[in-house]
Structures are given as C-alpha cells and as structure tokens.
Amino acid sequence: MRSAASSSPAQQPATGAGASKKKMNGYVGFSNFPNQEHRRSVKRGFNFTLMVVGESGLGKSTLVNTLFESKVYPTKDSDDNGMGLSSSAARSGGAADAQKRTVEITSVSADIQENGVKLRLSVVDTPGFGDSINNESAWRPILENIESRFDAYLAQENRVNRSKIVDNRVNALLYFIKPTGHSLRAIDIEFMKQLHTRVNLIPVIAKSDTLTPREVELFKARVLADINYHGIHIFKPVSDQYDDPETVADNKAIAAKIPFAIVGSEKLVDRADGTRVRGRQYPWGVIEVENEAHNDFVSLRQMLLRTHMEELRDETDVSLYESYRTQKLLALGHVQDNGVFREFNPRLQLEEEERLHAAKMTKLEAEMSAVFRQKVQEKEEKLKKSEEELYSRHKQMKAVLEKQRRDLDEKKTSIAPSGPMHGHTGVHLDAAQRMPSKDKKKRGFF
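Keep in mind that what you see is a predicted model, and the values were worked out from it rather than measured.

1. Thoughts on the overall build of the protein chain
Consideration 1: Regarding its fold elements, the protein chain presents 13 helices and nine strands.
Consideration 2: By residue count, 28% of the 446 residues in the protein chain fall in the buried class.
Consideration 3: As displayed, the protein chain offers around 31400 Å² of accessible surface, 54% of which is attributable to carbon and sulfur atoms.

Written out as structure tokens, the structure is:
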C-alpha cells in the first residue's frame, strides 16, 4: 500500500487557486520557516531608502534625525560648525551654494544597528525644491531620479551574474506640506500627481506647532479632499485576515491621522516637572515631539519604521517597480511569450510564422506604396509649378514681342514719305528722273 507521501498523480494537489487543503496528523516542522527567514534577514541586514521633499526651512533634516535618534543627516548649522566657519561666512557660503544645489539631488547613507539588526539607511534630499519663482517643472528632476534607480535595478536583473544586486530604489517619500492652513497649493498637487505611481507617498504637515489644533484638523480635511479629488494614491496601512484585532485597531488609528501633522526637534528641553524631553521650548510652554496629544510624530514613526517598513519595501518591489518595468519593456518592444516551456504544434507554429511574415510584408508593401504615392504627388506638384512658371514667362515674352512689333509699326508709319513711288522698285519718281545721263546711255548700249 502506498504511503500518503506517494499518492497517485490524480490525488496530488494542484498548484494555484485549485490547491486542496490537507490536514496533517503530526508535527512536520515547516512552521519554523519564519524563524529561518528571521535569522537570514538579521544576518544580511536591510536596505531602506527614504526620500524627503519640501521647500527649504520646513525641517526635513531635523525630522530625519529625530526619526532615527541619530545624526543621520547633517544640518546646516552642524556643517558650518564642523568646518570652523564664522556665522557671516557660513551664511555667505550657504547663499553661494544654494543655487548650485537646486539642480541636483543629494543622498546620504548611514549604517544603523539596533538590537543586532543592521539597517543600511539612505536618505535622499531635494534641496531647493519649490524655492524658484517658476516651479512648473520642479517635480521633473525628482521623478527622473526615481526612475533612474528603477532603470539601474532593471539593468542589474538582466545581468548574467545577479549574485550581488544593489537595491537603491526609493521605498518611501515624505512630502512636506507647508502649514498654510488653507489647502494644497498647485505645486503640491502637481508633484503628487506626477509621482504617486512611482513611489509610496506619505504626506506630512511640517511645523504643525504653528497651527492651533482646530486649524490642524480643518487643514487635514482640506488636504485629504484635494488628494481624493485629483485621484492621488498615498500609502495607507491596511489590514488583512491574518492581523489580530489589536493590529487592525492600530492600523485604523494610524490611517486616521494621515496626513501626519508633525514637529521635529533634536534638542532636549525641561518640562515644568523637571523631566527632560525632546521638544521645542516656547514662552507659553513646551511642545513635546513624542507626545501624541501635541503632534503625530509617534504615529508616523510607528508606521514608517516599526510596523510597515517591510510593507513599504514590498509595495515598491511588487507593485511600483513591476508596473514601471512592464511599461519600460513594452516600450522597448518586448512582448510576453506565454508559450515558453509549453508543448506546441510545429505546423501551427509554422503557419503562425507565415501569417506574421505575410502581415509584415503587407505592411511593408503598404508603406512602400504610400511612399511611392507621396513621391509621385511631390513630382507632379513640382512639374505643375514648373509648367506654371514657363507659361508665365512665355506670356511675358509674348507681350514684350507684341509691344516691340507695335513700336516698329509706329516708327515705320512715322518715317514713310508722302510723294508717289515707282510701282516695281518702290523708288520715288523724282529720284529716278534725276539719274545721270551716263547711266541711261550705258543701259541703252546693252
């Protein structure tokens, strides 16, 4: 009798949606596979690329350093102090470099380790975005940078040796919205419309401590209304059937706070009770960065780093990159061959090739015929034009000759004498009578 492991082909589970479910009678061990994946992931480490986009002065560098509790991205003050510049020299140097940085995208990488887990973090900044007078195409360099990273990854996939593939695709983009309190500006809408199909968009309201809680609430509603009206897709945490009720509740709470109203700070300040917290000191009190009653920084960090980092990576790889890859290959003329590794009929394949060849020849013949007709039409137009020019010249010459004939007739009429003329010779009779006598004698002699 055959064992359960060696069942007949008819009883073997099919692949895909038609796979049948089997109940095991004992422990097999493949449920330990997630632990194996965990060990492999810890050994290899992770790559995560974060892009920050927004106008200058909205606190992008400060927020990145606050998120990762380290000096990942140097601020302008730290750069100037590290170089030993005076305040006036730093300002003049920064002003001189500002315009040069507007046309390029900078990237900073850092290796971070937490509880034995290694993270290769890359932060891509876009200095100068939105700072020009004309910002119609301010999104273009950023889109080109994201697509160039897709192209680089696609080129690595097509190599013969793919053992070492460097993944620098952008996994998340934090778009900093200026806290105007009204609605999205034209530059915000255009940027998100152009990039929402290439990257995971996460909108954040920068420096939300400049708005009252009521203003923040109304501003969030207007921003979401604009995003939905223009059909812009932003990243939101979603739940599935495998999530426990606590995870589902957390995802709903995080999704309800999008766009995140955040406050960033790298400094520790003293509260009224003497405890030191990360925040901002104002004459009227302290804004705590990690206080959910003050801003949404904790929710942003929870989604970005603690609960949905892998989902952001998967969304980039499975959805965004695959969509771009498909469009790129189709544009290059690649066609999906669904018959690879399948049985085929040589006769049918030959007939298909003949049909394709005939269609190709018909197309070429039509193109050549169209080119011939165009050439003939051009030649006919050229000949017609030459004929018109010749006719015009003939008409002009005929008119000139006719004028000359009339002028000759007029001159002939004007010089003709009034006396009688000899009928045969056309000589005047007076002239004939005055002929010398010698001539008469000579003619009479002969």
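2. Some remarks on the side chain of Ser-208
Consideration 1: Among the secondary structure elements, Ser-208 is positioned in the loop between strand S5 (201–205) and helix H7 (213–229).
Consideration 2: With a relative accessible area of 4%, Ser-208 lands in the buried category.
Consideration 3: When sequence neighbours within four positions are dropped, the list of residues in contact with Ser-208 reads Val-216, Ala-261, Ile-262, Val-263 and Asn-295.

3. So, the pattern of salt bridges
Consideration 1: The tally for this structure, following the rule as stated, stands at 24 salt bridges.
Consideration 2: Between Arg-198 and Glu-147 there is a salt bridge whose closest N-O contact spans 3.1 Å. Taken together, the residues Arg-198 in the loop between helix H6 (186–195) and S5 and Glu-147 in helix H5 (residues 140–157) connect sequence positions 51 residues apart.
Consideration 3: Judged by relative accessible area, which is 10%, Arg-198 ranks as buried.
Consideration 4: Residue Arg-355 is joined to Glu-352 by a salt bridge in which the shortest nitrogen-to-oxygen separation is 2.4 Å. Here Arg-355 and its partner Glu-352 are both found in helix H11 (residues 346–415), three residues apart, which amounts to about one turn of the helix.
Consideration 5: By sharing partners, the salt bridges in this structure join Glu-55, Lys-178, Arg-185 and Asp-188 into a single network.

4. So, the packing of helix H2 (residues 60–67) against helix H9 (residues 297–307)
Consideration 1: Their axes nearest at 11 Å, the elements H2 and H9 cross at an angle of 70 degrees. The angle between H2 and H9 falls in the class roughly perpendicular. Pair H2 / H9 crosses with right-handed handedness. In this structure, H2 contributes Leu-63, Thr-66 and Leu-67 to the contact, and H9 contributes Phe-297, Leu-300, Arg-301, Leu-304 and Leu-305.

5. Some thoughts on the sheet that holds strand S9 (residues 285–288)
Consideration 1: Pairing in this open sheet of three strands is antiparallel, and the strands run S7-S8-S9 from one edge to the other. For this open sheet the edge positions go to strand S7 (268–270) and S9, each flanked by a neighbour on one side alone. Pairs of neighbouring strands in the sheet enclose a mean axial angle of 65 degrees, with direction left out of account.
Consideration 2: Of the strand pairs in this sheet, S7 and strand S8 (residues 276–282) are connected by three bridges, and their pairing is antiparallel. Among the inter-strand pairings, Asp-270 is bridged to a residue of S8, identified as Arg-276.

6. Overview of helix H1 (residues 33–44)
Consideration 1: Here H1 spans 17 Å end to end across twelve residues, near enough to the 16 Å set by a 1.5 Å rise per residue.
Consideration 2: With its phi angle positive at about 85 degrees, Gly-45 sits one or two positions after the end of H1.

7. Comments concerning the sheet that holds strand S1 (residues 46–53)
Consideration 1: The six strands are arranged S2-S3-S1-S4-S5-S6 in an open sheet whose pairing can be described as mixed. The sheet is open, and its two edges are formed by strand S2 (106–114) and strand S6 (260–261), each paired on a single side.
Consideration 2: As judged from the four bridges shared by S1 and strand S4 (residues 172–177), these two strands associate in the parallel manner. Among the inter-strand pairings, Met-51 is bridged to a residue of S4, identified as Leu-173.

8. As for the pairing of strand S3 (residues 117–125)
Consideration 1: By the bridge criterion, seven bridges tie S1 to S3 in an arrangement that is parallel. Each residue of the ladder has a partner; that of Phe-46, found in S3, is Leu-119.
Consideration 2: Hairpin connection, S2 to S3: the antiparallel pair is bridged by two residues, and Asn-115 has positive phi, about 55 degrees.

9. Details of the packing of aromatic side chains
Given two aromatic rings, one states the distance between the centres and the angle between the planes to describe the pair.
Consideration 1: For the coordinates displayed, the defined rule picks out seven aromatic pairs.
Consideration 2: Ring centres of Phe-150 and Tyr-324 lie 5.3 Å apart, and the angle between their planes is 40 degrees; this geometry places the pair in the tilted category. Here Tyr-324 lies in helix H10 (residues 309–331) and Phe-150 lies in helix H5, a separation of 174 residues in the sequence. Note on accessibility: Phe-150 and Tyr-324 belong to one class, buried.
Consideration 3: When the centroid spacing of 4.8 Å and the interplanar angle of 15 degrees are considered together, the rings of Tyr-175 and Phe-191 count as stacked. Of this pair, Tyr-175 sits in strand S4 while Phe-191 sits in helix H6, placing them 16 residues apart in sequence.

10. Points about a nonpolar patch on the surface
Consideration 1: Taken together, the side chains of Met-24, Val-28 and Phe-30 present a nonpolar region at the surface, about 340 Å² in accessible area.
Consideration 2: Tracing the backbone through its elements, the reader meets Val-28 in the segment before H1.

11. Notes on the confidence of the model for the protein chain
Consideration 1: Here the protein chain shows a mean pLDDT of 80. Residues at 70 or above account for 80%.
Consideration 2: In the model, residues 78–101 has pLDDT below 50 throughout and makes eight contacts with residues more than four positions away in sequence or in other chains.
Consideration 3: The low-confidence segment residues 438–446, where pLDDT is below 50, has two contacts with residues more than four positions distant or belonging to other chains.

12. Some remarks on unusual backbone geometry
Consideration 1: In this structure, the amide linkage connecting Ile-258 to the following residue, Pro-259, adopts the cis form with an omega of 0 degrees.
Consideration 2: Here Pro-259 is to be found in the loop between helix H8 (245–255) and S6.
Consideration 3: The phi dihedral of Lys-207 falls on the positive side, at around 50 degrees, and the residue is not glycine.
Consideration 4: On the secondary structure map, Lys-207 appears in the loop between S5 and H7.

Thresholds applied
- Residues numbered from 1 in each chain as written.
- Predicted model: local features only at pLDDT ≥ 70, side-chain atom pairs only at ≥ 80, totals over all residues.
- Heavy atoms only, no water.
- Helix = DSSP H or I, 4+ residues; strand = E, 2+ residues; numbered from the N terminus.
- Buried < 20%, exposed > 50% of the residue type's maximum accessible area, 1.4 Å probe, protein only.
- Areas by Shrake-Rupley, 256 points an atom, 1.4 Å probe, with all protein chains shown as cover.
- Contact = heavy atoms within 4.5 Å.
- Salt bridge = Lys/Arg side-chain N within 4 Å of Asp/Glu carboxyl O.
- Axes fitted to C-alpha atoms, helices over the stretch in contact; angles between N-to-C directions.
- Parallel < 35°, antiparallel > 145°, perpendicular 65-115°, else oblique.
- Left-handed = near helix turned anticlockwise from the far one by under 90°.
- Pairing = 2+ DSSP bridges.
- Expected span 1.5 Å × (residues − 1).
- Phe/Tyr/Trp six-rings, centres within 6.5 Å; stacked < 30°, edge-to-face > 60°.
- Patch = residues over 30% accessible without salt bridge, like charges linked within 9 Å, V, L, I, M, F, W, Y side chains within 5 Å.
- pLDDT = per-residue confidence, 0-100.

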